[in-house]
Number of protein chains: 2
Amino acid sequence: MPAERLVIIGGNAAGMSAASRARRLNPQLEVVVLEKGEYVSYGTCGLAYLVSGLVPRPDDLVVYTPDYFRTRRGIDVRTGHEATEILPGQKQVAVRTGEDTYALKYDKLILTSGGAPAETIPGAQGPHVFTCNDLAGALALRHFLEERGPKRGLVVGGGYIGLEVAEALRRRNLEVTVLERSASLLEDIEPEIGEWVNERLARHGVRAEFNATVSSIESGRSGPASVLVTNERALTADVVVLAAGLVPRAELGARAGVELGSSGAIRTDNRQQTNLPSIYAAGDCTESWHLVTGGPAYVPLGTTANKQGRVAGENAAGGNATFPGLVGTLVTKVFELEVGKTGLSEASARAAGFSPLGVAVDSFSQAKYLAGKPLRAKLVVDRASGQLLGGQLAGEEGAARRVDVLATALTARMTVAEFVHLDLGYAPPYGPVYDPLLVAAWEALKKLGRRR
Amino acid sequence: MPAERLVIIGGNAAGMSAASRARRLNPQLEVVVLEKGEYVSYGTCGLAYLVSGLVPRPDDLVVYTPDYFRTRRGIDVRTGHEATEILPGQKQVAVRTGEDTYALKYDKLILTSGGAPAETIPGAQGPHVFTCNDLAGALALRHFLEERGPKRGLVVGGGYIGLEVAEALRRRNLEVTVLERSASLLEDIEPEIGEWVNERLARHGVRAEFNATVSSIESGRSGPASVLVTNERALTADVVVLAAGLVPRAELGARAGVELGSSGAIRTDNRQQTNLPSIYAAGDCTESWHLVTGGPAYVPLGTTANKQGRVAGENAAGGNATFPGLVGTLVTKVFELEVGKTGLSEASARAAGFSPLGVAVDSFSQAKYLAGKPLRAKLVVDRASGQLLGGQLAGEEGAARRVDVLATALTARMTVAEFVHLDLGYAPPYGPVYDPLLVAAWEALKKLGRRR
């Protein structure tokens with residue numbers, strides 16, 4: 001009997017995690033990865049640092065090269081090969097490479113086709129306009145910055161990628177304006193936390209405009225670009241970066257009959273299997289299960305991609321793994337400020353049908369007699385059950401990892417009455433004796449009138 | 001009907017937490033705190049920083065003064081008043097202040113008499129010998145250091161207080177030797193973590209001697225002290241600090257019939273009530289419930305004292321609060337190194353009857369393309385159930401707060417299969433894309449042969 005063949009479409013976090021896991025579990029399995037770009041397995045989350053120059057070379061972001069996977073892991077990585085069609089009836093993928101096309105049979109298929117920039121702005125293809133979602137885009141932006149020395153930068157989108165790019169441009173001494181469609185930066189950020197983000201950006205000379213929708217971009221061939229905002233004003237810039245979030249790249253699967261969820265991303269079960277037999281999906285092209293809302297959510301992040309990829313790879317190789325879901329944890333750095341969130345914000349909890357109580361506290365990153373930095377924490381608790389629903393933090397020290405404590409508590413479905421007694425570590429250099437998270441929990445308990 | 005009176009014996013973390021909570025819940029209650037020393041409510045965990053001078057003045061460690069409690073919270077704080085006897089039959093405490101004694105009636109009593117240095121070494125009362133367990137002791141040590149300018153320091157005990165004091169002495173340019181009774185520093189530290197601690201101390205010129213029992217100390221009135229180690233060698237030093245851990249100050253309660261646990265500390269139920277009616281206990285004089293072993297444990301720490309004090313105060317005031325227990329979390333700073341532990345070490349898990357699997361991993365505090373610091377994590381998992389039993393970390397960045405993630409997971413009784421899927425935050429400045437904790441969990445899962 002010939003070896004079974006696993007074909008994986010997309011060679012970044014989810015794809016290569018899946019490939020590696022499948023190969024390790026079943027050394028007989030032939031594993032082919034189709035990657036239309038030049039790179040596989042690189043640190044997508046470090047792209048802004050490549051733009052700023054903090055990461056000097058693109059190779060620094062590459063975790064493993066295609067050659068490493070080929071020779072050391074026995075995975076047939078094909079860069080520059082694009083899957084153009086899936087034929088589930090024939091268990092076959094149509095592949096294009098350069099001018100050539102070929103058909104590739106599969107026994108198992110994993111879709112890890114990732115996400116694409118969400119913008120569809122007229123003029124987005126202009127020569128001054130860039131994205132920072134993949135290595136090719138980030139490199140093009142960096143070359144433009146280094147060769148053309150633009151003075152004025154516009155970043156369209158104030159999510160975490162937009163802010164990381166804004167910081168990168170600022171570090172290259174551009175004047176930077178962030179255009180955010182909604183009324184606040186960092187999607188779903190609490191007002192108490194967003195306030196600190198706004199202040200930090202202003203301190204570093206980054207302008208932010210809110211409720212600013214970009215309707216079109218006009219690029220002169222050599223001159224600056226003109227960005228039409230909200231159909232009213234024209235802003236002029238030397239470089240424009242589109243960073244208004246990701247949409248799932250799901251159309252290849254959808255055309256073949258793979259079911260999508262309400263988010264437009266591929267729907268899978270907790271084994272990462274799609275509605276079609278032998279076809280799995282993982283990473284930024286898929287929906288996940290949100291453990292707090294108990295519903296689907298589209299949260300495209302590298303950590304989730306890795307975990308889902310591993311599960312998809314294991315199952316495609318004949319194993320039986322499950323991915324239980326996520327709580328929507330995100331941490332990012334805004335200049336010196338650590339900012340993080342997990343679970344539901346007060347507003348999103350209300351939108352999800354909870355009756356949330358939000359409690360924000362101001363504290364410090366060290367005991368008061370040491371020179372700690374201000375730290376702000378907000379917890380969101382369900383008034384009915386006392387269950388923790390989410391939390392956010394900001395501060396120059398100690399914010400990012402405290403978010404993980406909350407993420408762990410959310411996963412365990414802790415109530416705030418349970419949370420308040422957590423045996424968290426204390427030493428004066430690492431926090432106040434009453435940890436800000438526990439203070440917030442205590443305040444929440446008092447407001448709920450629960451006295452335990 | 002006259003107001004009920006709550007008497008609290010001991011005015012530090014547990015005592016003042018209890019007093020404040022009781023007062024707030026029941027403004028009619030008369031609350032009297034008997035504190036034999038001069039200070040109440042100060043940051044005991046910051047004493048080593050007072051010794052080093054990093055904290056300039058003792059007042060900097062004081063959270064609230066006695067006067068604040070008297071005037072702002074209506075709590076009758078009596079410093080310089082020592083409870084010498086409890087008469088449960090009469091509901092009465094005998095008190096000594098200066099030359100005077102008096103009897104104080106109580107309706108409810110809370111014992112928060114704290115812990116005392118564990119050493120009973122002949123010669124420990126000598127003029128060169130100090131402790132660092134309370135503000136008076138730390139101040140005496142500091143004055144000696146500043147006025148006498150000793151050159152050679154000996155620290156007896158290599159627990160976290162011993163190491164903090166050693167660092168403080170080193171920062172004052174003393175030659176420092178730590179004498180540790182057992183084979184490793186920091187009680188119950190994993191060998192993989194202890195190795196880093198030893199290396200860090202050596203790098204800063206702190207000598208550590210292991211298996212070194214101090215049998216006696218001889219102090220010349222003006223000359224140096226001579227410390228006899230293991231009945232064999234005499235070491236000479238200009239200052240000796242005894243830091244061999246705490247024992248509970250439980251004898252006052254015990255003489256009155258308050259039941260002690262196997263650790264020698266006061267046994268309470270989860271409402272912090274002792275075996276005697278109307279008598280509660282909290283803080284360093286009491287035993288706690290260990291959530292991992294499901295048995296009693298003596299873990300004297302300020303955070304626990306605060307929580308237990310609050311519960312005792314609430315119940316003494318007629319409420320109904322419970323303290324569920326602890327997981328034994330400890331974090332400390334050894335020069336630049338963050339060191340933390342929670343739950344059971346591999347050795348202590350084995351001693352507690354588990355069949356533990358220990359997995360240590362080496363990682364970094366940032367994504368590999370940034371300039372992160374080495375980070376080491378060890379997880380301990382029960383082979384039979386897959387349940388997490390404990391974990392320890394060391395590193396210059398990101399170790400302390402990751403211990404809290406483990407503490408939260410331990411409290412939630414997570415298995416390693418659940419833990420490995422935790423949605424922990426990732427951003428390149430705050431960790432590698434595969435968090436060290438999740439890598440360790442994944443390694444543990446593989447070794448357990450569980451593939452989910």
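Residues numbered from 1 in each chain as written. Chains lettered and ligands numbered in written order. Predicted model: local features only at pLDDT ≥ 70, side-chain atom pairs only at ≥ 80, totals over all residues. Heavy atoms only, no water.

Caption draft 1: Representation of the sheet that holds strand E2 (residues 30-35) of chain B. Residue and element names in this part refer to chain B. What the 5 strands build is an open sheet, ordered E3-E2-E1-E7-E18; its pairing is parallel. Unpaired on one side and paired on the other, strand E3 (76-79) and strand E18 (279-281) mark the two borders of the sheet. The mean angle between the axes of side-by-side strands here comes to 20 degrees, regardless of whether they run parallel or antiparallel. As paired elements, strand E1 (residues 5-9) and strand E7 (residues 108-111) share 4 bridges and run parallel to each other. Counted as the bridge partner of Val7 is Leu109 from E7. (Pairing = 2+ DSSP bridges. Helix = DSSP H or I, 4+ residues; strand = E, 2+ residues; numbered from the N terminus. Axes fitted to C-alpha atoms, helices over the stretch in contact; angles between N-to-C directions.)

Caption draft 2: Region of the structure containing the pattern of salt bridges. All names here are of chain B. Counting across every chain of the model gives 54 salt bridges over all chains. Notably, a salt bridge pairs Glu167 with Arg171, separated by 3.0 Å at the nearest N-O pair. Remark: Arg171 and Glu167 occur in helix H6 (residues 160-171); sequence separation between them is 4 residues, near one turn of the helix. Residue class for Glu167 comes out buried when judged on its relative accessible area of 7%. For Lys378, the salt bridge is made with Glu190, and the minimal N-O distance between the two is 2.9 Å. With Lys378 in strand E24 (residues 374-382) and Glu190 in the loop between strand E11 (175-179) and helix H7 (191-203), this pair connects stretches of sequence that are 188 residues apart. (Salt bridge = Lys/Arg side-chain N within 4 Å of Asp/Glu carboxyl O. Buried < 20%, exposed > 50% of the residue type's maximum accessible area, 1.4 Å probe, protein only.)

Caption draft 3: The arrangement of the nonpolar core in detail. Formed by 84 residues in total, the largest nonpolar core has its most connected members in Phe419 of chain A together with Phe419 of chain B. Aside from chain neighbours lying at most four places away, what touches Phe419 of chain A is Leu388, Val405, Leu406, Ala409, Met414, Leu437, Leu438 and Ala441 of chain A. Ranked by size, the runner-up nonpolar core spans 47 residues in total, among them Leu50, Val55, Val165 and Leu174 of chain B. (Core = buried A, V, L, I, M, F, W, Y, C linked by side-chain atoms within 4.5 Å. Contact = heavy atoms within 4.5 Å.)

Caption draft 4: View of the sheet that holds strand E6 (residues 100-105) of chain B. Residue and element names in this part refer to chain B. Strand order in the open sheet formed by 3 strands is E4-E5-E6, with antiparallel pairing between adjacent strands. With partners counted over all chains shown, the strands left at the sheet margins are strand E4 (82-87) and E6, one partner each. Adjacent strand axes in the sheet meet at a mean angle of 25 degrees, parallel and antiparallel pairs treated alike. Strand direction decides the pairing type here: E4 and strand E5 (residues 92-97), joined by 5 bridges, are antiparallel.

Caption draft 5: Summary view of the relation of the copies chain A and chain B. Relative to chain B, chain A is turned by 180 degrees and slid 0.0 Å along the rotation axis, the superposed coordinates differing by an RMSD of 0.0 Å. Taken together, the rotation and translation describe the operation of a two-fold axis. Within chain A, the C-alpha atom positioned nearest to the axis of rotation is that of Val405 of chain A, 2.3 Å from it. With an isologous cut-off of 70% or more, the 100% of interface residues of chain A that recur at the interface of chain B puts this contact in the isologous class. (Least-squares fit on C-alpha atoms with pLDDT ≥ 70 in both.)

Caption draft 6: The arrangement of the packing of helix H1 (residues 13-25) of chain A against helix H9 (residues 302-316) of chain A in detail. Residue and element names in this part refer to chain A. One way to put it is that H1 packs onto H9 with a least axis distance of 7 Å and a crossing angle of 30 degrees. Regarding H1 and H9, the two cross each other, and that crossing is right-handed. Contacts from Ala13, Ala14, Ser17, Ala18, Arg21, Ala22 and Leu25 of H1 reach H9 at Gly302, Ala305, Asn306, Gly309, Arg310, Gly313 and Glu314. Residues belonging to the contact of H1 with H9 are distributed by class as follows: 6 nonpolar, 5 polar and 3 charged. (Left-handed = near helix turned anticlockwise from the far one by under 90°. Nonpolar A, V, L, I, M, F, W, Y, C, P; charged D, E, K, R; others polar.)

Caption draft 7: Quick peek at the interface of chain A and chain B. In this complex, chain A contributes 70 residues to the contact, which on the side of chain B involves 70 residues. A per-residue breakdown of the area chain A buries against chain B is headed by Arg401, Asp423 and Tyr430 of chain A, which together make up 14% of the total. Measuring nitrogen to oxygen at the nearest pair gives 3.9 Å for the salt bridge that ties Arg401 of chain B to Asp435 of chain A. The interface formed by chain A and chain B includes 26 residue pairs in polar contact (both at pLDDT 80 or more). Every element with two or more residues in the side of chain A that touches chain B is listed here: H1, helix H3 (58-61), H9, strand E21 (330-334), strand E22 (337-343), helix H11 (399-411) and helix H13 (436-448) of chain A. Classifying every residue of the side of chain A that touches chain B by side-chain character gives 36 nonpolar, 17 polar and 17 charged. (Buried area = accessible area lost by both parts, 1.4 Å probe. Polar contact = N/O pair within 3.5 Å; in protein donor to acceptor, adjacent residues only side chain to side chain.)

Caption draft 8: Highlighting the domain arrangement of chain A. All names here are of chain A. In terms of domain boundaries, chain A breaks down into domain 1 (5-37 + 80-115 + 247-316), domain 2 (119-244) and domain 3 (337-448). Summarising the inter-unit geometry, the C-alpha centres of domain 2 and domain 3 are found 31 Å apart. Listed as interface residues are 12 residues of domain 2 and, on the opposing side, 18 residues of domain 3. Carbon and sulfur atoms make up 57% of the surface buried where domain 2 meets domain 3, a total of about 1,300 Å² over both sides. Counting the contacts that link domain 2 with domain 3 gives 4 salt bridges. Ionic pairing is found between Glu396 and Arg200, a salt bridge with its closest N-O pair at 2.8 Å. Applying the counting rule to domain 2 against domain 3 returns 10 residue pairs in polar contact (both at pLDDT 80 or more). Partitioning the side of domain 2 that touches domain 3 into residue classes produces 5 nonpolar, no polar and 7 charged. (Domains from an automatic or database assignment.)

Caption draft 9: Spatial organisation of H1 of chain A. Here H1 of chain A spans 18 Å end to end across 13 residues, near enough to the 18 Å set by a 1.5 Å rise per residue. Three or more residues of H1 of chain A are buried, namely Ala14, Gly15, Met16, Ser17, Ala18, Ala19, Ser20, Arg21, Ala22 and Arg23 of chain A. (Expected span 1.5 Å × (residues − 1).)

Caption draft 10: Structural view of the pairing of strand E12 (residues 206-209) of chain A. Residue and element names in this part refer to chain A. The pairing of strand E11 (residues 175-179) with E12 spans 4 bridges and is classified as parallel. Within the sheet, the bridge partner assigned to Leu179 lies in E12 and is Glu209. Regarding topology, helix H7 (residues 191-203) serves as the crossover connection from E11 to the parallel E12, and that connection is right-handed. (Right-handed = clockwise from strand over helix to strand, strands pointing away.)

Caption draft 11: Representation of the packing of aromatic side chains in the model. Residue and element names in this part refer to chain B. Scanning the entire structure with this criterion turns up 10 aromatic pairs over all chains. Geometrically, the ring pair formed by Tyr64 and Tyr68 is stacked, given 4.1 Å between the ring centres and 10 degrees between the ring planes. When its relative accessible area of 30% is taken as the criterion, Tyr64 is described as partly exposed. For Tyr68, a relative accessible area of 22% corresponds to the partly exposed category. When the ring of Tyr64 is compared with that of Phe69, the centres are 5.6 Å apart and the planes differ by 80 degrees; the resulting orientation is edge-to-face. Classification of Phe69 as buried rests on a relative accessible area of 1%. (Phe/Tyr/Trp six-rings, centres within 6.5 Å; stacked < 30°, edge-to-face > 60°.)

Caption draft 12: A look at the environment of Gly340 of chain A. Residues and elements named next belong to chain A. For Gly340, the location among the structural elements is in strand E22. C-alpha of Gly340 to C-alpha of Arg96: the two residues are 244 residues apart in sequence and 41 Å apart in space. Ignoring any residue separated from it by four or fewer positions in sequence, one finds Gly340 in contact with Leu330, Val331, Gly391, Gln392, Leu393 and Val403.

Caption draft 13: Expanded view of helix H13 (residues 436-448) of chain B. Residue and element names in this part refer to chain B. The terminal C-alpha atoms of H13 lie 18 Å apart, and with 13 residues this matches the ideal 18 Å at 1.5 Å per residue to within 8%. Those residues of H13 that fall on the buried side of the exposure criterion are Pro436, Leu437, Leu438, Ala440, Ala441, Trp442, Ala444, Leu445 and Leu448. Structurally, the start of H13 carries an N-cap: the backbone nitrogen of Leu437 is 2.9 Å from a side-chain oxygen of Asp435. Positive phi shows up at Gly449, right after H13, with a value of about 75 degrees.

Caption draft 14: Inspection of the pairing of strand E14 (residues 225-229) of chain B at higher detail. Residues and elements named next belong to chain B. Only one face of E14 is buried: it carries Ala225, Val227 and Val229, and the other face, with Ser226 and Leu228, is open. Here strand E13 (residues 214-219) runs beside E14; their pairing, made up of 5 bridges, is antiparallel. Bridging across to E14, Ile217 finds its partner in Val227. As paired strands, E14 and strand E15 (residues 233-237) are joined by 5 bridges and run antiparallel to one another. Note on E15: the bridge partner recorded for Leu228 is Ala234.

Caption draft 15: Layout of unusual backbone geometry. Residue and element names in this part refer to chain B. The phi torsion at Lys91 lies on the positive side, around 50 degrees, for a residue other than glycine. A relative accessible area of 29% places Lys91 in the partly exposed class. Non-glycine residue Arg413 carries a positive phi angle of around 55 degrees. Residue placement: Arg413 occurs in the loop between helix H11 (399-411) and helix H12 (416-419).

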